[in-house]
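A look at the structure
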Amino acid sequence: MKIGELAKLTGCPVETIRYYEREGLLPEPSRSEGNYRQYDAAHVERLSFIRHCRSLDMTQEEIRILLGLRDRPESDCGTANRLIDEHLHHVEVRIAELQSLSQQLRDLRARCRGEGNSEDCGILRELEQPAEPSVTPEACAEAGHLHVPGVHGRH
């Protein structure tokens, strides 16, 4: 099958398929006499696996590790368990960060009733104040993230 057919079958854009090939996540297909890429069922399965991993917000490196395990059936599945445990921890840290952000926004919204001039707006006055970091450098390091001061939990 051609790349357009693979894209339609898997719901993956053509450019993303080419990107996965360049990154080595998807093996380069054979070529037809007319130099068209020719994909097969193995490409469909692998691309579906990659897409499922991406739907779980896994990084390319995590996907690469899982593909390596998939390609070597004799590998210890403990590696997959540890990878998922680490990814789950990362997700839980992000959820906590988002909950903190949500509370900060609720607190900010409570500073204004939406009436009057913007010069009297409690939201704008509060935003003029220096921001306090919502996540400590230690928490970021523990979660394996880079702490960037003033970026409120984004790493």
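Scoring rules and cut-offs
- Residues numbered from 1 in each chain as written.
- Predicted model: local features only at pLDDT ≥ 70, side-chain atom pairs only at ≥ 80, totals over all residues.
- Heavy atoms only, no water.
- Helix = DSSP H or I, 4+ residues; strand = E, 2+ residues; numbered from the N terminus.
- Contact = heavy atoms within 4.5 Å.
- Areas by Shrake-Rupley, 256 points an atom, 1.4 Å probe, with all protein chains shown as cover.
- Expected span 1.5 Å × (residues − 1).
- Buried < 20%, exposed > 50% of the residue type's maximum accessible area, 1.4 Å probe, protein only.
- Salt bridge = Lys/Arg side-chain N within 4 Å of Asp/Glu carboxyl O.

As annotated in an unreviewed UniProt entry, the chain carries the name Cd(II)/Pb(II)-responsive transcriptional regulator and is attributed to Pseudomonas triclosanedens.

1. A closer look at the overall build of the chain
In terms of helices and strands, the chain carries seven helices and two strands. Reading the chain from its N end, one meets helices and strands in the order α-α-β-β-α-α-α-α-α. Taking contacts inside the chain between residues at least 6 apart in sequence as the whole, the part at least 24 apart equals 41%. Accessible surface, the chain as shown: approximately 10900 Å² in total, 52% of it carbon and sulfur.

2. Brief notes about the environment of Leu127
The topology assignment puts Leu127 in helix H6 (residues 122-127). Separated by 19 residues in the primary sequence, Leu127 and Leu108 have C-alpha atoms spaced 8.4 Å apart.

3. Considerations on helix H5 (residues 78-109)
Along its 32 residues, H5 runs 46 Å from first to last C-alpha, staying within 8% of the 46 Å computed at 1.5 Å per residue. For H5, the set of buried residues is Gly78, Leu83, His87, Val93, Glu97 and Leu108.

4. Considering the pattern of salt bridges
Per the stated rule, a full pass over the model turns up seven salt bridges. A salt bridge links Arg94 to Asp57; its shortest N-O distance comes to 2.4 Å. Of the two residues, Arg94 is situated in helix H5 and Asp57 in the loop between helix H3 (41-55) and helix H4 (60-71); the sequence distance between them amounts to 37 residues. Given the relative accessible area of 32%, Arg94 is considered partly exposed.

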